[in-house]
Amino acid sequence: MDSKIGPFVKWAGGKNQLIDRLKARLPESYARYYEPFIGGGALFLDLQPNRAVINDNNEQLLNIYRQLKADAEAVIDAVNILDAEPCNKERYLAMRESYNNKIAANELDAQCAALMIWINKHCFNGLYRVNSKGLFNVPYNNKTCGVSIDADNLRNIGIFFRSNDIDIRQGDFEVACSDVSSGDFVYFDSPYIPISETANFTDYTKDGFSLEDHKRLARLFRHLDSIGAQIMLSNHNVPLVHSLYEGYEIETVDVRRAINRDASKRVGTEVIITNYRE
């Protein structure tokens, strides 16, 4: 499609600022596009591949993609209703409770999608964090009003999904890649390895993403390489990453880390790793 589309939520580790550098390192051609940690989907939505598999553990995030594919207008209308009333802390907490009631009842509908989008615009730093029960618990950011969506963007995302072969999956990244074939392209943007030894391994679902998961991801990278897939991976520029992906093309890039609470730590370096040369 001709219309430009982009992420509809602010997401930790979002790739908007790296889009041009990621695109510059894409393979010349590929068959099917895979993104097992879709998140906000910045690269995927920019590329708009005709054949793709997207996956995530976050069921509520995937629900937005599915609802936009099914009926973007229903999501747009529901967000507009939420935006029509000014926000304060009491309203934010009430909407957060409504959202959590949807999660607890497993009501994956347009209203749940709208609540997640609206809450993302009104919660602290756009974080997505849940407790042990999978319920959202990020506090209010004091935003009182404003538009939570670009309606045309959501509309065009729906058109894109309906016009192309896009498989939306939920679950483990390894399972999502079980049918990758030679010539396919896989972009891994997993939860990052912590920068410091004291930092926690965290994910945006209640399940977490452990050190063993990172090792498993590195093994999968090598397996997919062995069957002829083309792979790109991004992560923090830390020694463990260099060790896990030794032997591959590793390029360091400067980034801003807007979600870090400490403003002095909002700059740093990441790596883009590929199993092919540009």
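Residues numbered from 1 in each chain as written. Predicted model: local features only at pLDDT ≥ 70, side-chain atom pairs only at ≥ 80, totals over all residues. Heavy atoms only, no water.

## Structural notes on the sheet that holds strand 6 (residues 249-256)
Argument step 1. Reading across from one edge, 3-2-1-4-5-7-6 is the order of the seven strands in this open sheet, with mixed pairing throughout. Edge positions in the open sheet fall to strand 3 (165-170) and strand 6, since each of these has one partner strand only. Neighbour-to-neighbour, the strand axes of this sheet turn through a mean angle of 15 degrees, independent of strand direction.
Argument step 2. Examined bridge by bridge, strand 1 (residues 33-35) and strand 4 (residues 185-188) share two bridges and lie parallel to one another. The residue of strand 4 that forms the bridge with Tyr34 is Val186. (Pairing = 2+ DSSP bridges. Helix = DSSP H or I, 4+ residues; strand = E, 2+ residues; numbered from the N terminus. Axes fitted to C-alpha atoms, helices over the stretch in contact; angles between N-to-C directions.)

## A few points about the domain arrangement of the protein
Argument step 1. For the protein, the assigned domains read domain 1 (16-57 + 171-274) and domain 2 (63-152).
Argument step 2. Look at where the C-alpha atoms of domain 1 and domain 2 centre, and you get two points 26 Å apart. (Domains from an automatic or database assignment.)

## Some points on the pairing of strand 5 (residues 230-236)
Argument step 1. Counting buried positions along strand 5 gives seven out of seven residues, so the element sits mostly inside the fold.
Argument step 2. Of the pairings in the sheet, the one linking strand 4 to strand 5 comprises four bridges and is parallel in character. Note that in strand 5 the partner of Phe188 across the bridge is Leu233.
Argument step 3. Alignment of strand 5 against strand 7 (residues 267-274), held across five bridges, turns out to be antiparallel. (Buried < 20%, exposed > 50% of the residue type's maximum accessible area, 1.4 Å probe, protein only.)

## Let's talk about the pattern of salt bridges
Pairing between side chains of opposite charge can happen when the charged atoms of each approach one another.
Argument step 1. Within this structure, the stated rule accounts for 15 salt bridges.
Argument step 2. Among the ionic pairs, Glu251 bridges to Arg25, the shortest N-O distance being 2.6 Å. Taken as a pair, Glu251 in strand 6 and Arg25 in the loop between helix 1 (19-24) and strand 1 lie far apart in primary sequence, 226 residues in all.
Argument step 3. With its nearest N and O atoms 2.8 Å apart, the salt bridge here joins Arg169 to Asp167.
Argument step 4. Here the salt bridges do not stand alone but share partners, grouping Arg32, Asp167, Arg169 and Asp179 into one network. (Salt bridge = Lys/Arg side-chain N within 4 Å of Asp/Glu carboxyl O.)

## Concerning the side chain of Ser190
Argument step 1. Checked against the element boundaries, Ser190 lands in the loop between strand 4 and helix 8 (211-226).
Argument step 2. Apart from residues lying up to four places away in sequence, Ser190 is in contact with Phe37, Phe209, His214, Leu217 and Asn235. (Contact = heavy atoms within 4.5 Å.)

## Here's the deal with unusual backbone geometry
Argument step 1. Phi is positive for Asn106, close to 55 degrees, though the residue is something other than glycine.
Argument step 2. With respect to the helices and strands, Asn106 occurs in the loop between helix 4 (89-105) and helix 5 (110-122).
Argument step 3. Asn106 gets classed as partly exposed once you look at its relative accessible area, which sits at 46%.
Argument step 4. Positive phi values are uncommon outside glycine, yet Asn142 reaches one of about 70 degrees.
Argument step 5. Along the chain, Asn142 falls in the loop between helix 5 and helix 6 (151-163).
Argument step 6. Residue Asn142 is classed as exposed on the basis of its relative accessible area of 61%.

## Observations regarding the nonpolar core
One broad trend across soluble globular proteins is that nonpolar side chains are buried collectively.
Argument step 1. Core analysis: the largest hydrophobic core is formed by 62 residues, its most contacted members being Phe8, Phe44, Tyr65, Tyr92, Tyr99, Ile117 and Phe161.
Argument step 2. Sorting elements by how many residues they give to this core places helix 3 (residues 59-83) first, with 11 residues.
Argument step 3. Looking at which domains feed residues into this core, each of domain 1 (16-57 + 171-274) and domain 2 (63-152) gives three or more.
Argument step 4. Grouped together as the second largest cluster of nonpolar side chains are 25 residues, Val53, Ile193, Ile231 and Leu244 included. (Core = buried A, V, L, I, M, F, W, Y, C linked by side-chain atoms within 4.5 Å.)

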